[in-house]
Amino acid sequence: MNFRKLINYIKNLQTVDKNIVTNLYLLSEKSLKTVILLSSLIALALYPILSNNIALWAMAVVSLSLFRLKESFDFKNNYQKHTLEVWYKRFVINALVTAVLFTALGCVYIYYVAAYYQLFIVAVLVGLASGATTSLSADIRVAIVYNSLIIVPLIATIFILKMPLHYVLAILIIIYFITQVMTLLASYSQEIRIKELEEEKTILHNLFEEAPLGIFSYDKDLNIIDCNKQLNSLFDSNREAIIGLNLNNLPDHRPIKAMKNALLYGQQSYVGPYTSIRGEEYWIESKAFPFRNKVNNTIGGIGLIEDKTKEHNALEELEYLAQHDVLTGLLNRRGFKNDMEKLINDPSHKELFSLLFYMDLNQFKGINDSLGHTIGDEVLLSVSERLLYSLGHECKISRIGGDEFIIVVPYVSHQEDIALNKANIFSEKIQNIFIDPFIIESLHLHVKSSIGIILIEPNYTNIEEIIRHADITMYQAKKSDSKISYYNEDLDRKQKELFDLQHDLAYAIEKSQLDMFFQPIVTIKEDKLFSAEALIRWEHPTKGLLSPIDFIPLAIKAGILSQITWWVLDTVCKHIAQWKKENKWQLEYISINVNAQQLVEKDFPRKFLKNLKENGVETSDIMIEITERSLIDSFDTTQDIINMLRKEGVKCAVDDFGIGYSSLSYLKRLSFNTLKIDREFVKDIEFNPKELLLVSTILDIGRQFNYRIVIEGIEDQKQKELLIGLDEELLYQGFHFSKPLDAETFSERFLKDPNKEV
Ligand code: C2E
Ligand code: MG
Ligand code: MG
């Protein structure tokens, strides 16, 4: 310890330190008794020379010493009498008064005695100072002042008296005095160091005990030597049970390897599960490092353990939620992908075929829309339960979207034909879960599924492709009668072609590839031209003339149907205007096809009417045909718009009526002019009397609501005659009269200027 530090320490000594005051009182007790004895002896020795003077001095010293002994007794037994500070001051004053009394001996009485008595007094005073150094050592300040009060005047007297060898004597006393002070300071330094070490030890101990992680030390044989409180509470154990335990004897060996290796290779760590002696499961993060002695030899190790069970569980929970479907608890899309990653990375995938079934419920949208989402959810839950019950143990089941499920059966066979065979068995199992109706809230719901089956070939690693193929196959299955379809490359090619077509369609208007055809609508009795339907065609640069059935669904998917409809309306209006100009216009109207969803587009009626006006076409020259099926989907939202257009004079027809199963209430509420009966009803009319009866019923209903009726798809005379038999007022549209024709042919054949007629 350096000198400055020591001085600082002395400066900072607190008088209120109870330890110092106690030590001062206790240590002085013995020396006070010595002082009483010493002063009595001095008095006896000097009495013959100094008589009563020395007796009085001795009485003063003895009385003061007795008083100080009493003070000491009170300090011990009646401490409350004074404050600590007062106790300290009283001690210091009494001690210094004692010193002054002895100084009187060395500065006053010494002059009156013979030389050998003088030496006796010097010896006594030096001895007293030496004794005081020890007894007052508790407070270095008091000890130094006490000594100085005795020694400094004594040296002065030695010189004044010119005692024999007074120089030598004075130097000896000074050296002695300095040695006393140095010894005191040295013992102080040591005391301070010990105190500091103790403090450090306490801090380290507190750190060890209170650290928020379990700490333990172990020897080279892996016996636990010490551990802290946290380690005990971590594993709900006690010190006694842990200390002495050999790490090799712990039931869970997973973290022990790190502890062993730390002794050989330096710091190691282990993060993972751990089962405690009590059998409880934890998730721990641990570190182990070697513990070395002064010569750098490893004598054991130190282990740090943090309990991360809560954090780990929370993370696992999050991970689970991110990968599972909340409703059914099955894997969700992300979970499915993860699972597929595992499947393709497993060595078994190198040799074995796996199966994937992409399943979709057929009537699910209907259930959701008509019975509500709660029932819909119940159906999904039951489907998932049935799937798990009948297949859960051999495959992974995921729900990747609303009513779409994926079932993966991993590694079924080395051989393709056996794998295919298994696929058949599994698809049958899947379909079997739909045999019994789903009974939900006393409703008996019959649900069926469409299944696309993919054979995942060994070593095939493109998951995105697998999902894409599965998707295509499922849609193919939906269209098929069996509702089951296997993936084949032909299907994929078709899908790609459709994608290209969709891409080309986006430029079809720009490149003037679209064309308008017209099919006449005539009276059934006389084949008299009444009106016409405008039907779109696409002159594809490589594929030739395409029917709307091939590209209207693509236009819907690509979001460009609206653009096409405006083009149709504009083109039709331009033709009407042209025919009017040429004085050929003799039709009641021309009908165009509009998807119900488009009606609700912002500003549809205004834009529609504006277009007619700009082309100089009357509202009554146009009829809008809306298919019954698209009307059902958006009945509520389209009503107002249809009524608005009707008020403006635009005619409206329900197209493909009869196959959308709309209820009679629709017919009552919507004010259409015309019903177009779907071709389906006419197709078999000659061979199936029931169909004829059905058409007759539909005609009755139509007439009841004052609809004009157009029959679609009459292809031969026989069909026409049968229908005339039902109603002579009917209109019809069919190949029997004419196929749809391009505008020029249509105009040439059917539209004539009456003035030019011969
Ligand atoms: P739709 O509105 O019911 O049109 C009648 C369809 O029946 C036309 O087919 C027509 O060629 C066909 N057809 C008429 N008579 C007969 C017949 O005697 N026998 C047979 N086998 N077919 C007959 P197309 O032109 O292929 O149109 C199919 C459907 O595409 C249309 O059915 C209509 O829903 C839709 N469509 C046509 N043009 C457009 C359009 O510009 N916009 C929209 N959104 N859809 C259109
Ligand atoms: Mg139509
Ligand atoms: Mg139709």
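Now for a quick tour of the structure. (Residues numbered from 1 in each chain as written. Chains lettered and ligands numbered in written order. Predicted model: local features only at pLDDT ≥ 70, side-chain atom pairs only at ≥ 80, totals over all residues. Heavy atoms only, no water.)

**A few points about the coordination of the magnesium ion (ligand 2)**
Taken together, the protein ligands of the magnesium ion (ligand 2) are Glu533 (OE), Asn593 (OD1), Glu625 (OE) and Asp655 (OD), with distances of 2.0 to 2.1 Å. Distance-wise, the magnesium ion (ligand 3) is placed 4.0 Å from the magnesium ion (ligand 2), both being coordinated by Asp655. You can see Glu533 sitting in strand β14 (residues 529-540) and its partner Asn593 sitting in strand β16 (residues 590-593), a full 60 residues away along the chain. Residue class for Asn593 comes out partly exposed when judged on its relative accessible area of 32%. (Donors = N, O, S within 2.8 Å, 3.2 Å for Na, K, Ca; no water. Helix = DSSP H or I, 4+ residues; strand = E, 2+ residues; numbered from the N terminus. Buried < 20%, exposed > 50% of the residue type's maximum accessible area, 1.4 Å probe, protein only.)

**Details of the layout of surface pockets**
Put simply, the second largest pocket is a space of about 360 Å³. Lining the second largest pocket are 15 residues; nearest its centre among them are Ile454, Leu455, Glu457, His469 and Tyr487. Elements supplying a minimum of two residues to the lining of the second largest pocket: α14 (416-432), β11 (449-456), α15 (463-479) and α16 (489-505). The greatest single-element share of the lining of the second largest pocket, amounting to four residues, is contributed by β11. Taken together, the residues that form the lining of the second largest pocket break down as nine nonpolar, two polar and four charged. (1 Å grid on protein atoms, 1.4 Å probe; cavity = no way out; pocket = protein on both sides within 12 Å on 5 of 7 lines; lining within 4 Å. Points joined across faces, edges and corners; volume = space filled by probe spheres on them. Nonpolar A, V, L, I, M, F, W, Y, C, P; charged D, E, K, R; others polar.)

**Brief notes about the pairing of strand β17 (residues 622-627)**
By the criterion of burial, β17 is predominantly enclosed, with five of the six residues buried. Direction of pairing for β16 relative to β17: parallel, over a ladder of four bridges. Each bridged residue has a counterpart across the sheet, and for Ile592 the counterpart in β17 is Ile624. Pairing of β17 with strand β18 (residues 651-657) involves five bridges; the strand directions are parallel. From the neighbouring strand, Met623 faces β18, where its bridge partner is Lys651. (Pairing = 2+ DSSP bridges.)

**Focus on the packing of helix α4 (residues 115-135) against helix α6 (residues 166-210)**
At a minimum axis separation of 10 Å, α4 and α6 run at an interaxial angle of 10 degrees. Considering the angle they form, α4 stands roughly parallel to α6. Packed against α4, whose contacting residues are Leu119, Val122, Val126, Ala129, Ser130 and Thr133, the element α6 presents Leu169, Ile173, Tyr176, Gln180 and Leu184 at the interface. Tallied by class, the residues present in the contact of α4 with α6 amount to eight nonpolar, three polar and no charged. (Axes fitted to C-alpha atoms, helices over the stretch in contact; angles between N-to-C directions. Parallel < 35°, antiparallel > 145°, perpendicular 65-115°, else oblique. Contact = heavy atoms within 4.5 Å.)

**A look at the sheet that holds strand β4 (residues 281-292)**
Within the open sheet, the five strands sit side by side as β2-β1-β5-β4-β3. Their pairing is antiparallel. Looking along the sheet, the strands with just one partner apiece sit at the ends: β2 (224-227) and β3 (268-275). Strand-to-strand twist in this sheet, taken as the mean axis angle between neighbours without regard to direction, amounts to 25 degrees. Bridge count for strand β1 (residues 214-219) against strand β5 (residues 298-307) is six bridges, and the pairing is antiparallel.

**What to know about the packing of aromatic side chains**
Scanning the entire structure with this criterion turns up 20 aromatic pairs. Judged by centre distance (6.2 Å) and plane angle (40 degrees), the ring pair of Phe357 and Phe426 falls under tilted. Within this pair, whereas Phe357 is found in strand β6 (residues 353-361), its partner Phe426 is found in helix α14, the two being separated by 69 residues in sequence. Phe426 shares its class with Phe357; the two are buried. Geometrically, the ring pair formed by Trp579 and Phe746 is tilted, given 5.8 Å between the ring centres and 45 degrees between the ring planes. Of the two residues, Trp579 sits in helix α18 (residues 561-581) while Phe746 sits in helix α27 (residues 743-750), which places them 167 residues apart along the sequence. On the accessibility criterion, Phe746 (0% relative accessible area) is buried. An aromatic cluster is built from Tyr25, Phe75, Tyr79, Trp87 and Phe91, whose rings are joined through pairwise contacts. (Phe/Tyr/Trp six-rings, centres within 6.5 Å; stacked < 30°, edge-to-face > 60°.)

**Side note on the coordination of the magnesium ion (ligand 3)**
Coordination sphere of the magnesium ion (ligand 3), protein contribution only: Asp655 (OD), Asp656 (OD), Glu712 (OE) and Glu712 (OE), at 2.0 to 2.6 Å. Read N to C, the donor residues that coordinate the magnesium ion (ligand 3) are spaced as D-D-x55-E.

**So, the sheet that holds β6**
Here we have five strands laid out as an open sheet, ordered β7-β8-β6-β11-β12, and mixed in their pairing. Each of the sheet's edge strands pairs with one partner strand only, and the pair in question is β7 (396-401) and β12 (484-486). Each strand of the sheet is rotated relative to its neighbour by a mean of 20 degrees, with strand direction disregarded. Bridging between β11 and β12 involves three bridges; their strand directions are parallel.

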